Number of protein chains: 2
Amino acid sequence: MDKVNIKKLAAELNLSAATVSRALRDSHEIGAATKARVMEMARKMNYVPNPSASNLRSHKSKTIAVIVPEIANSFFSQAINGIEEIARAHNYHVLIYQTHENVELENAFIRSLLSGRVDGILISIASGLNGERNFKDVLPVLPLIFFDRVYEDIEAIKITTNDYQSSYTATKHLVENGCKKIAYLKGIDHTPAGKNRIAGYIDALRDSDILFDDRLMIATGDEQQENPDLVKNLLLSQKPDGLIASIEDLALPCYYACRDLGLKIPEDVKIISFSNLKTAGILNPSLTTITQPAFEMGRTAAGILFKILNRKEVEPNQTLVLDSELVVRESTGSLTQPSPKERA
Amino acid sequence: MDKVNIKKLAAELNLSAATVSRALRDSHEIGAATKARVMEMARKMNYVPNPSASNLRSHKSKTIAVIVPEIANSFFSQAINGIEEIARAHNYHVLIYQTHENVELENAFIRSLLSGRVDGILISIASGLNGERNFKDVLPVLPLIFFDRVYEDIEAIKITTNDYQSSYTATKHLVENGCKKIAYLKGIDHTPAGKNRIAGYIDALRDSDILFDDRLMIATGDEQQENPDLVKNLLLSQKPDGLIASIEDLALPCYYACRDLGLKIPEDVKIISFSNLKTAGILNPSLTTITQPAFEMGRTAAGILFKILNRKEVEPNQTLVLDSELVVRESTGSLTQPSPKERA
DNA sequence: CTGTTAGCGCATTCAC
DNA sequence: GTGAATGCGCTAACAG
């Protein structure tokens with residue numbers, strides 16, 4: 001039975017419930033000897049505190065929420081990994097919600113979290129057009145930290161990656177490897193990340209004295225089905241010698257499009273894709289990827305949240321920008337060192 | 001402020017707290033008119049119920065826990081995706097814990113969940129040697145459902161995939177495609193899944209009149225670093241013409257080993273890997289994979305849990321076996337249809 | 001159909 | 001240092 005509560009512990013120890021409660025919380029006004037006795041008995045009786053009762057009284061849930069578009073996405077699952085580790089270190093619990101890019105669902109989640117169920121929220125927002133968002137209602141009530149998919153129209157703590165820079169670097173990398181016509185495959189292009197990636201591409205072209213040709217920049221769809229054809233059409237009509245896939249899901253369509261057309265990678269077309277798949281190099285030894293520090297981002301976001309929860313100094317409304325990594329794989333077989341085992 | 005509670009609502013409405021509570025919970029003993037009034041006022045006053053108070057009284061947390069070895073693993077993240085969707089449909093919240101294959105951590109999580117924090121647990125157990133497990137202490141207190149990594153020494157509801165059959169099929173597939181010497185790369189081999197995969201391989205060889213040669217079955221390590229070399233040694237010393245990678249992480253080492261040795265896939269060596277990576281086909285058009293129905297498994301496990309929570313009929317101690325899928329990719333470019341968009 | 005009473009388990013006043 | 005009382009917000013049990 002799980003009926004062991006503070007009262008029973010107290011009775012067993014000939015102490016009052018208040019004393020036991022204090023001893024368990026390691027209060028300074030309890031003698032060391034008593035504390036030891038209480039702890040010992042708690043262990044022996046297999047006492048487990050009731051979090052609901054504790055929350056109700058203390059207004060601390062020991063729980064944080066993570067809201068992301070999709071869990072089964074290598075970036076977000078790595079970020080959640082990082083968050084979970086930090087939470088665990090603080091003896092906190094982690095609630096997970098996925099919005100599937102649906103803003104209304106996101107709002108519903110947030111609303112339901114305004115009830116004291118959690119002490120803070122980490123969010124990577126849904127890409128749905130920025131309709132009604134009620135983030136402003138959250139901030140006075142709970143710490144809210146944005147990571148990766150940040151919300152622009154609000155002053156808050158935000159953690160992103162240098163999308164502009166990495167896209168710029170990627171484009172430059174292709175130029176330096178001889179590409180003259182570099183195409184860009186857009187993903188979700190109304191987010192800050194999407195915009196920054198496009199800007200980096202365009203600026204890198206400009207700085208390389210290559211004329212930007214908007215026929216080389218195409219929108220892609222949600223479905224895996226159509227994208228290979230979109231890329232094929234692009235390859236046929238524009239004959240680019242380089243491709244930048246601005247999101248992970250576009251790497252595979254590029255690969256298949258090239259194969260179907262008999263184009264060799266990287267001899268005929270060089271490809272760089274944004275991707276957090278650890279096995280991305282598998283695609284082709286020549287596939288260069290831009291990898292976001294998802295795990296680190298999760299840890300960082302959670303770290304800041306716990307600083308706030310522990311009332312430590314935190315720079316308000318800061319925007320932290322973490323570096324992405326351009327991973328170039330040589331066809332010699334020695335692949336650039338992947339990031340070290342993350343949980344080491 | 002979030003100070004609106006049932007009492008204030010009641011005062012505003014000239015009703016008792018109990019009536020308001022019942023109205024909000026849509027109790028059948030409240031008149032439609034009153035319900036409407038209450039709901040209206042609740043909305044107007046922006047009332048959000050306090051879950052801790054509710055839990056404390058009702059012993060229902062509206063929360064379930066998911067315990068997995070790693071979140072950032074395509075199989076588990078897809079499973080969590082499925083779980084989250086079902087939980088969402090039931091207006092439940094989902095707590096996530098990762099054990100990193102550490103049994104003690106797993107025990108600690110479970111122990112902390114015996115406090116009323118959750119109404120049920122879905123678990124895929126850590127692979128650490130089956131030391132002290134306290135699953136038996138859980139069952140009388142909470143519904144506990146095992147998925148994928150099930151615990152053998154307990155009577156409980158378990159959901160797995162047909163590891164034996166899929167490994168058997170994979171081996172047969174290689175034989176039918178001309179392989180005579182098929183090597184097997186072991187992952188974690190003391191789990192039921194690991195054992196079943198090995199058994200399927202061995203039985204398929206036997207049924208194909210191929211002598212099992214244990215030099216063709218090698219253990220692999222945790223680190224990406226060493227595995228390519230292990231595979232290389234195997235390829236050099238045994239010269240197999242087929243490889244079965246029993247876990248996802250082994251596909252890449254196989255690929256690199258072949259490349260480093262100048263072996264062509266699939267001409268010189270055919271490879272089949274267990275893998276849940278949607279982009280696995282990316283490796284090589286000829287890579288055949290065995291894909292587990294992770295999403296479906298998550299949905300199924302959660303579905304059964306909610307049946308239990310809703311006191312519906314559930315066959316006790318059932319073991320459900322879902323089918324894995326052998327996905328053969330043709331080098332013609334038409335890849336076998338991937339599973340349909342999961343959240344459709 | 002609605003109100004009154006009581007108490008879930010704990011942490012925080014105050015006393016002493 | 002410790003104990004006795006009080007109430008966090010809600011819902012179950014019992015009235016009526």
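Going by the structure above, here's the rest.
Here the structure is a predicted model, which is why all the values come from computation and not from measurement. (Residues numbered from 1 in each chain as written. Chains lettered and ligands numbered in written order. Predicted model: local features only at pLDDT ≥ 70, side-chain atom pairs only at ≥ 80, totals over all residues. Heavy atoms only, no water.)

Enquirer: An account of the overall build of chain A is requested, with residue identities and associated values reported.
Expert: For chain A, the count of helices and strands is 12 helices and 12 strands. Computed over the C-alpha atoms, the radius of gyration of chain A is 25 Å, more than 25% above the 20 Å expected from 2.2 N^0.38 for a compact globule of 344 residues. Along the longest, intermediate and shortest principal axes, the C-alpha atoms of chain A span 85 × 45 × 35 Å. Taking all 344 residues of chain A together, 56% fall into the buried category. A fraction of 67% describes how many contacts in chain A between residues 6 or more apart in sequence connect residues 24 or more apart. In the form shown here, chain A has an accessible surface area of approximately 15,600 Å², with 50% of it arising from carbon and sulfur atoms. Averaged over its 40 positive side-chain charges, chain A has a centre that lies 9 Å from the centre of its 43 negative ones. (Helix = DSSP H or I, 4+ residues; strand = E, 2+ residues; numbered from the N terminus. Rg over C-alpha atoms; globule rule 2.2 N^0.38 Å. Buried < 20%, exposed > 50% of the residue type's maximum accessible area, 1.4 Å probe, protein only. Contact = heavy atoms within 4.5 Å. Areas by Shrake-Rupley, 256 points an atom, 1.4 Å probe, with all protein chains shown as cover. Lys, Arg positive; Asp, Glu negative; His and termini not counted. Charge placed at Lys NZ, Arg CZ, Asp CG, Glu CD.)

Enquirer: Describe in detail the sheet that holds strand S9 (residues 270-274) of chain A, supporting the description with residues and values.
Expert: All names here are of chain A. Pairing is mixed in the open sheet, where 6 strands are placed in the order S7-S6-S8-S9-S10-S12. Each of the sheet's edge strands pairs with one partner strand only, and the pair in question is strand S7 (217-219) and strand S12 (325-327). The sheet shows a mean angle of 15° between the axes of neighbouring strands, taken without regard to direction. In this structure, strand S6 (residues 182-186) lies alongside S7, joined through 3 bridges in parallel fashion. Each bridged residue has a counterpart across the sheet, and for Tyr 184 the counterpart in S7 is Met 217. Sitting on the sheet, helix H8 (residues 163-176) is in contact with S6, strand S8 (242-245), S9, strand S10 (288-291) and S12, with an inclination near 170° to S9. The sheet strands contacting helix H9 (residues 192-207) are S6, S7, S8 and S9, and the helix crosses S6 at an angle near 170°. (Pairing = 2+ DSSP bridges. Axes fitted to C-alpha atoms, helices over the stretch in contact; angles between N-to-C directions.)

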